[in-house]
Amino acid sequence: MDRKWKKMTTLLLTAAITMTGTGFDQLTELTLTAPGYVYAAEAQDPILSEEDFESGKLGEWSGKDGATASVITENPKSGNYCMKVSGRTGTYTGAKMQLAGLPDGDYLLSVSAYVKYTDGPDKKRFQLTLAKDGRYAGVCGKEIKKNEWTRISGSMTVSADQNYNGAILYFETPWTANPTAEQDYMDFYVDDIRVSADPFADTTEYPSLKELYKDQFYIGVAAPEYVLGIQRYRDLIKSQYSSMTMENEMKPAYVLDENTSKSNLSKYQDHAALNFDSYKAGLEFASANGIKMRGHTLVWHSQTPDWFFYENYDTSGKLASRERMLKRMENYIKDIIEWTETNYPGTIYAWDVANEAVADYFGPGAAPMRQEGSRWYQTIGEDFVQKAFEYARKYTTQFAPDHKIKLFYNDYNEYFPQKKAGIVKLLKPIKEAGNIDGVGMQSHIDVDWPLEGDNGYMTAVRTYKEELGLEIQVTELDIGMTDKATIASQGEYYQKFMEALLKEKANGADITAVTFWGLSDNLTWRGGTDCLLMYGNLGKKPAFDGVINAIGDTQDVIDQIRTLGNLKLTGEDQEKLAQAREAYEGLNEVQKALVSNYSELESAERDYKDLEENARIEEKRKAEEAKKAEEAKKAEEARKAEEARKAEEARKAEEAKKQSQSVKTAEPKIMITGKKKVKVGKSIKLKAVCTGVTGKVKWSVSKGKKNIKISKNGKVTGLKKGRAVITAKIKNLKKKFVVVVK
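Residues numbered from 1 in each chain as written. Predicted model: local features only at pLDDT ≥ 70, side-chain atom pairs only at ≥ 80, totals over all residues. Heavy atoms only, no water.

Next up on the list: the overall build of the chain. Within the chain one finds 21 helices and 29 strands. For the chain, the spread of C-alpha atoms along the three principal axes comes to 185 × 70 × 50 Å. The buried share of the chain, taken over its 742 residues, is 51%. Total accessible area on the chain is roughly 33900 Å²; 47% of this is exposed by carbon and sulfur atoms. Charged side chains in the chain number 108 positive and 108 negative. The centres of these two groups are separated by 31 Å. (Helix = DSSP H or I, 4+ residues; strand = E, 2+ residues; numbered from the N terminus. Buried < 20%, exposed > 50% of the residue type's maximum accessible area, 1.4 Å probe, protein only. Areas by Shrake-Rupley, 256 points an atom, 1.4 Å probe, with all protein chains shown as cover. Lys, Arg positive; Asp, Glu negative; His and termini not counted. Charge placed at Lys NZ, Arg CZ, Asp CG, Glu CD.)

Between its first and last C-alpha, helix α13 (residues 384-399) extends 22 Å over 16 residues, near the 22 Å set by a 1.5 Å rise per residue. What α13 keeps buried is the set Phe-384, Val-385, Lys-387, Ala-388, Phe-389, Tyr-391, Ala-392, Arg-393, Tyr-395 and Thr-396. The secondary structure elements touched by the buried residues of α13 are β14 (292-300), α11 (322-343), β15 (348-355), α12 (375-379), β16 (406-411) and α14 (417-432). (Expected span 1.5 Å × (residues − 1). Contact = heavy atoms within 4.5 Å.)

The next thing to look at is the sheet that holds strand β8 (residues 135-145). The antiparallel open sheet is built from five strands, whose spatial order is β2-β5-β10-β7-β8. In the strand order of this sheet, the two ends are held by β2 (62-63) and β8, each with one partner. Here strand β5 (residues 95-98) pairs with strand β10 (residues 168-172) via three bridges, running antiparallel. Along β10, the bridge assignment pairs Gln-98 with Ile-168. (Pairing = 2+ DSSP bridges.)

Moving on, we get to the environment of Thr-118. Along the polypeptide, Thr-118 turns up in the loop between β6 (107-116) and β7 (123-132). According to the relative accessible area criterion, Thr-118 is partly exposed, its value standing at 26%. A sequence separation of 394 residues divides Thr-118 from Thr-512, and the C-alpha atoms of the two residues are 52 Å apart. When neighbours within four sequence positions are excluded, Thr-118 is seen to be in contact with Lys-146, Asn-147 and Tyr-189.

Cis geometry marks the peptide bond from His-296 to Thr-297; its omega dihedral reads 5 degrees. Its location among the elements puts Thr-297 in strand β14. Residues other than glycine seldom take positive phi values, yet Gln-303 does so here, at roughly 55 degrees. Secondary-structure assignment places Gln-303 in the loop between β14 and α11.

This brings us to the sheet that holds strand β28 (residues 722-730). Whenever strands of a sheet pair, they do so through backbone hydrogen bonds, lying parallel or antiparallel. Spatial strand order, β22-β29-β28-β25: four strands in an open sheet with mixed pairing. The open sheet is flanked by β22 (677-678) and β25 (698-703), the only strands paired with a single partner. In this structure, β22 lies alongside strand β29 (residues 733-741), joined through two bridges in parallel fashion. Counterpart to Val-678 in the pairing with β29 is Val-741.

We now examine the pattern of salt bridges. Overall, the coordinates contain 44 salt bridges when judged by the stated rule. Two residues, Lys-419 and Asp-360, come together in a salt bridge whose shortest N-O distance is 3.1 Å. A residue pair is termed long-range when its members are at least 10 positions apart, and Lys-419 in helix α14 and Asp-360 in the loop between β15 and α12 qualify at 59 residues. In this structure Lys-419 comes out as buried when scored by relative accessible area, which is 2%. Looking at Asp-360, the relative accessible area reads 36%, which means it is partly exposed. Among the salt bridges present, the one from Glu-605 reaches Arg-581, with a minimum N-O distance of 2.7 Å. Here the residue Glu-605 occupies a position in helix α21 (residues 598-665), and Arg-581 occupies one in helix α19 (residues 571-585), the gap between them amounting to 24 residues. Residue classification places Glu-605 among the buried residues on the basis of a relative accessible area of 19%. Linked by salt bridges that have partners in common, Glu-211, Lys-214, Asp-215, Asp-559 and Arg-562 make up one network. (Salt bridge = Lys/Arg side-chain N within 4 Å of Asp/Glu carboxyl O.)

We now examine the packing of aromatic side chains. Under the counting rule described, the total for this entry stands at 27 aromatic pairs. Between Tyr-494 and Phe-516, the aromatic rings sit 6.3 Å apart at their centres with planes inclined by 45 degrees, giving tilted as the arrangement. Pair noted here: Tyr-494 is in helix α16 (residues 487-506) and Phe-516 is in strand β20 (residues 511-516), with a separation of 22 residues, a long-range link. We classify Phe-516 as buried; its relative accessible area is 0%. Among the aromatic residues, ring-to-ring pairing joins Trp-307, Phe-308, Phe-309, Tyr-313, Tyr-332 and Trp-376 into one connected group. Looking at Lys-64, its charged tip hangs above the ring of Tyr-170, at a distance of 4.2 Å from the centre. The side chain of Lys-77 reaches across the aromatic face of Tyr-114, ending 4.5 Å from its centre. (Phe/Tyr/Trp six-rings, centres within 6.5 Å; stacked < 30°, edge-to-face > 60°. Lys NZ or Arg CZ within 6 Å of the ring centre and 35° of its normal.)

Okay, the confidence of the model for the chain next. Residues with a pLDDT of 70 or more make up 93% of the chain, whose mean pLDDT is 90. The low-confidence segment residues 1-45 (pLDDT under 50) makes 124 contacts with residues lying over four places distant or belonging to another chain. (pLDDT = per-residue confidence, 0-100.)

With that out of the way, let us pick up the pairing of strand β12 (residues 218-222). In terms of residue burial, β12 counts as a mostly covered element, since four of its five residues are buried. Relative to β20, β12 is paired through four bridges, and the arrangement is parallel. Note that in β20 the partner of Gly-220 across the bridge is Thr-515. Inspection of the sheet shows β12 paired to strand β13 (residues 243-245) by three bridges, in the parallel sense. From the neighbouring strand, Gly-220 faces β13, where its bridge partner is Ser-243.

Turning our eyes to something else, we now look at the state of the cysteines. Counted according to the given criterion, the structure contains zero disulfides. No disulfide involves Cys-140; its sulfur sits 16 Å from the nearest other cysteine sulfur, which is in Cys-531. (Disulfide = S-S within 2.5 Å.)

So, about the side chain of Ser-153. Take Ser-153: it is sitting in strand β9 (residues 150-158). The buried category is assigned to Ser-153, whose relative accessible area is 3%. A polar contact is formed between the side chain of Ser-153 and the side chain of Arg-151, at a distance of 3.2 Å. (Polar contact = N/O pair within 3.5 Å; in protein donor to acceptor, adjacent residues only side chain to side chain.)

On to helix α18 (residues 554-562). Thr-554, Gln-555, Val-557, Ile-558 and Ile-561 are the residues of α18 that are buried. One side of α18 carries all its buried residues, which in axial view fall inside an arc of 160 degrees. (Arc of directions from axis to C-beta.)

Taken together, the side chains of Glu-624, Glu-630, Glu-631 and Glu-637 present a region of like negative charge at the surface. In this structure, Glu-631 sits in helix α21. Residue Glu-631 is classed as partly exposed on the basis of its relative accessible area of 45%. (Patch = residues over 30% accessible without salt bridge, like charges linked within 9 Å, V, L, I, M, F, W, Y side chains within 5 Å.)

See the structure below:
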C-alpha cells in the first residue's frame, strides 16, 4: 500500500469494507457527513476557505507534488470560473491548501466541493485527504460519473489533543497498486469549495435515551475504536447508550492472525492463531462504564480472510476439508469466548453467532442459504450455521456459567417475504436444539419503507415472534433520507417506527435491544443518506426528538409509580398518587401498555382508599365512643343524683324515725298555739302540737260557744266580745286555750 494510506484512520477504510458485505453492495458512495443540511451552529462556524474562484485567482489553493492548479473559464459549476488540476503524475497529486487558524478544543473539520472529470473511466472516486507530519486521514470521498459535476462532502472529528495547524488538505484519487495515466492521473475540475472548523454542540442537556427506554430494552450504538478515542464521543455514549457494538473490530478479519498461523502449521493447522488487540479498547471502555456489549460477529462469509479456508492457509492450494473447517470453526469460537469471558467477564451479553447466511432471493418459496461467496458453505455445507450455534452454546455455557450469553442470528433485508421465510426455515432446527436465543434485524431502511404489508417491517417482527418465539433485537438501525424526504419527515418516520416497535413489544414481541448503527451522520457507512439521530457536530436532529417522542413520558410514569412505596394518609402522599395517575392517563394506549408496574399504581390507589376508609371508620368509631361516653357520663350523673335523692330521703326518713321514736318515749302532752287576743269579727287559727301521743285532734268550745265555730283544722270564727275557751282533745289528753275578744 502507498505509504500515504498506511496510517489512514478506519473512518474511511473500514466503512468501505462493511459496505461490501451487508447486502447494500449497490451503494457506491461513502460520504462521511450530512451533506445538504445545515448544522445548528453553522452560522458561527469559522470558515477556513470558501472559494468559488470568481475573483479569477486560486486563493488558498495550489497544485500539489508537481500538479498544476489554475483558474479557468471552461465549464464552471457556477459563475464564470472554476479550478482545473492538471499535470498529475501520481494518485496523490492534485490541489492542496494549508490549514491555519484552527480552533482549540474539539471541532469538526468539514469540507464540501464540486468535482468533475472528462477523460478516463466512466466512474472514478475522488477524495479529500488530510496530511501532517507523516500522518494521513481521509476526510471524505465519493465515486462520481464522468462529465458530471458532483458534490463531495464530509467531515472529520479533530480532538483537542490534535494540532492540524499547518496540515495539508488535498484532492486526490485512490491509491492503486498499478496506476495508469488514463485510469488514475486524469485532469479534473473543482468549484465551490467550502472548508470550515465546526464547533460541536453541547450534548450535556440532551434527554438520555437509555434512561427513557431503560424499562423497555437496551438502547445501543455502533462504536468503532476510533470513535472511542475521542472524549466527546465517549461522553455521549456513556450518557445516551446502555449497549454498544464494535462496528468492525470483532470480525474475523481483525482477529485472525495470518502470519502466526502460517508460521507453525503443526500447531495452528486446525487451531488458527488470534490477536485480540483490535477490540481490547472497546471491551475496556464498556466494562469500565457499565455498558453491555453485543459481540459482532463470529461466523460470516464476509470479512473473514480467504486464507482461513484453505489447507495450510495457502490460497494457491485447495480448500480445507469439512472436518478441518469444523475444527477451525470450533476452536475459533472457543478462543474468542474464552478470552473475552476470562478478561472481561459479563461485559458481552449477546453474540451475533452467524451473520447473513440466507441469500437475497425473490423467487417462489423461501430464500435458500447463501452459497456463492460463502466459504463456510463451500467448505462445511448447509449445516455450518447449526454447528456454529452448537459451538457457541457449548462455550458460552462453559466460560460464562454465572450469566447466560444470548446467541443471535443477524441478517439484512429481513423483512422481504422470501428472505423472512428462509430465515425462519434456517433457525427452526437451531431453536429446537436450544442453541439460539434471538433474531437480529439489521434494519438498514429509508424513510419510505412500509411498516405493514408483505414487505412491512412490523410484519416481519410478528413473523419472528409467532413462528420462532425468539427474542428480537434491532441490531443496526439507520433510516436514510430519500429524494423527497426532509429532516422533519425523517424525524416523523423515526417516531412512527419506534412507536410501532413499542406497540409490538406491548403486544408480546420480546424486543430486547435497539442499536443505532453510528453516533452521527458523519460516522455512518451509508454516506450521503443522513440516516442517524445527530448531525456531524452532534446537534440533535428531529430524528433524535422522534425517538424521544415515541416513548413519551412512559419512563417517568414508571419511575413515579416506583417512588410511591408505602403510602400514608397525608396530603403529600395523596398528591404523589394523584400525580402518578395523571401522568399515566396522559400516555397514549401503547405507552400505557408498556407501564409494566401499572398494577402497583392500582394497588397503591386501593391501599390509599383503604386508608381513607379505615380513617373514616376510625373517625366514626371515635364519634360513637364519644357519644357513648357522654351518655354514660349523663347516666352516671343521673345515677348519682338519684342516689343523692334517695340518700336524702333516707336521711329524712331516719330523722323522722328518730323523731317519732323520740315522741313515743316522751311524756304525752298537747300544746295549743295561736293568738290569744283578737278583735270582734276576726278569726284565728289555732294549732295543736302533740308530744308522746299520736292521733286526730278534736276541737271544741267550752265557754261562750254561741255562734262560735271551729273547724277540724283549728280555725275559729264567729267570736263574740268576751272570753272564749277552746279545748283540743286527743285521745285522753285535753288542753284548753282562752281567747280574749275585744
